[in-house]
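Here's the letter readout for the chains.
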Amino acid sequence: MNKQNELLKIPESQIDVIQNMVRPLKYSSSSNLFYAGQIPIVAYLLLEGLIHFTKNGKVVNTFSRGNVIGLKELMNNQPVDVDAQILPGTKVCFIDRSTILGILEQKVPDSLNEVISKLIRIDSTVR
């Protein structure tokens, strides 16, 4: 995992907060979450397992527990430039825009809103 991926992680204590807001989903088989050129309709928080980013059929990045992907693109209405494939046994939370806006409205120091605000500025895709 690269250094950029570590910047896209939510602290363990905040993972529980999100899990209490949105129901996690576990994938039993491999599936595409999104394709290059799409604007995400949700961001994804990985709880267990792996998601691969691919470009031209080759894996260019791999994400694991605590990583949030697609957040910047979702909040800025931007298309992603990679395909994302979720592997079997992976568990994720889908975080929609209204949930994120609700988190950002909370003004509690050192809380999830600060983490989310920071993550929105970090690009999770490969250029």
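Preceding block: the structure.
Residues numbered from 1 in each chain as written. Predicted model: local features only at pLDDT ≥ 70, side-chain atom pairs only at ≥ 80, totals over all residues. Heavy atoms only, no water.

1. Some details on the overall build of the chain
For clarity, the threshold we go by: Numbering of helices and strands runs from the N terminus; a helix is a DSSP stretch of H or I covering at least four residues, while a strand is a stretch of E covering at least two. For every residue, the accessible area (1.4 Å probe, protein chains only) is compared with the maximum for its type, and the residue is labelled buried under 20%, exposed over 50%, or partly exposed between those bounds. Residues are treated as being in contact if the distance between any of their heavy atoms lies within 4.5 Å. Here, Shrake-Rupley sampling with a 1.4 Å probe gives the accessible areas, and only protein chains in the shown set may cover a residue.
Check the secondary structure of the chain and you find five helices and eight strands. The order of helices and strands in the chain, counted from the N terminus, is α-α-β-β-β-β-β-β-α-β-β-α-α. Counting only residues that meet the buried cut, the chain has 44% of its 127 residues in that class. Contacts in the chain between residues at least 24 apart in sequence constitute 77% of all its contacts with a sequence separation of at least 6. Only carbon and sulfur atoms are counted for the fraction: they give 51% of the accessible area of the chain, which is about 6600 Å².

2. Regarding the sheet that holds strand β1 (residues 24-26)
Neighbouring strands of a sheet are bound in pairs by backbone hydrogen bonds; such pairs are parallel or else antiparallel. Here is the rule: A pair of strands is considered paired only if DSSP assigns at least 2 bridges between the two. Note on geometry: axes are lines fitted to C-alpha atoms, helical ones only across the stretch in contact, with angles between N-to-C directions running from 0 to 180 degrees.
Spatially, the four strands line up as an open sheet ordered β1-β8-β3-β6, and their pairing is antiparallel. Either end of the sheet is taken by a strand with one partner, and the two such strands are β1 and β6 (68-69). Note that strand β3 (residues 42-48) and strand β8 (residues 91-96) share six bridges and pair antiparallel. The residue bridging A43 from the neighbouring strand is I95, located in β8. On the sheet, helix α4 (residues 97-105) packs against β3 and β8 and is oriented at approximately 75° with respect to β8.

3. Overview of the nonpolar core
Formally: Here, nonpolar core refers to any group of buried Ala, Val, Leu, Ile, Met, Phe, Trp, Tyr and Cys residues whose side-chain atoms link them within 4.5 Å.
If you look at the biggest cluster of nonpolar residues, it comprises 37 residues, and the most contacted ones within it are I10, L33, F34, L45, L71, I100 and I116. Per-element accounting of this core gives the leading share, six residues, to β3. In this structure F34 touches Y44, F53, I69, V80, V82, D83 and A84, once residues within four positions along its chain are discounted.

4. Points about the environment of L33
As for its position among the elements, L33 is in strand β2 (residues 31-34). Sequence spacing of L33 and H52 is 19 residues, and the spatial spacing of their C-alpha atoms is 9.9 Å. If sequence neighbours within four positions are ignored, L33 has contacts with Y27, Y44, I51, I69, A84 and I86.

5. A word on the packing of aromatic side chains
Quick note on the threshold: Planes of paired rings set the category: under 30 degrees apart is stacked, over 60 is edge-to-face and the rest tilted, where pairs are Phe, Tyr or Trp rings (Trp by its six-membered ring) whose centres lie within 6.5 Å.
For the structure on display, the rule yields four aromatic pairs. Taking 5.9 Å as the distance between ring centres and 65° as the angle between the ring planes, the aromatic pair formed by F34 and F53 counts as edge-to-face. With a gap of 19 residues between them, F34 in strand β2 and F53 in strand β4 (residues 51-55) connect regions that are remote in the sequence. Here F34 matches F53 in class, with each residue buried. Arranged with centres 5.3 Å apart and planes meeting at 90°, the rings of Y44 and F94 form a pair that is edge-to-face. One end of the pair, Y44, is in strand β3; the other, F94, is in strand β8, with 50 residues separating them in the sequence. The exposure class assigned to Y44 is buried, which follows from its relative accessible area of 6%. Taking relative accessible area as the criterion, F94 reaches 31% and is therefore assigned partly exposed. The structure contains a cluster of three or more aromatic residues connected by ring pairs, namely F34, Y44, F53, F63 and F94.

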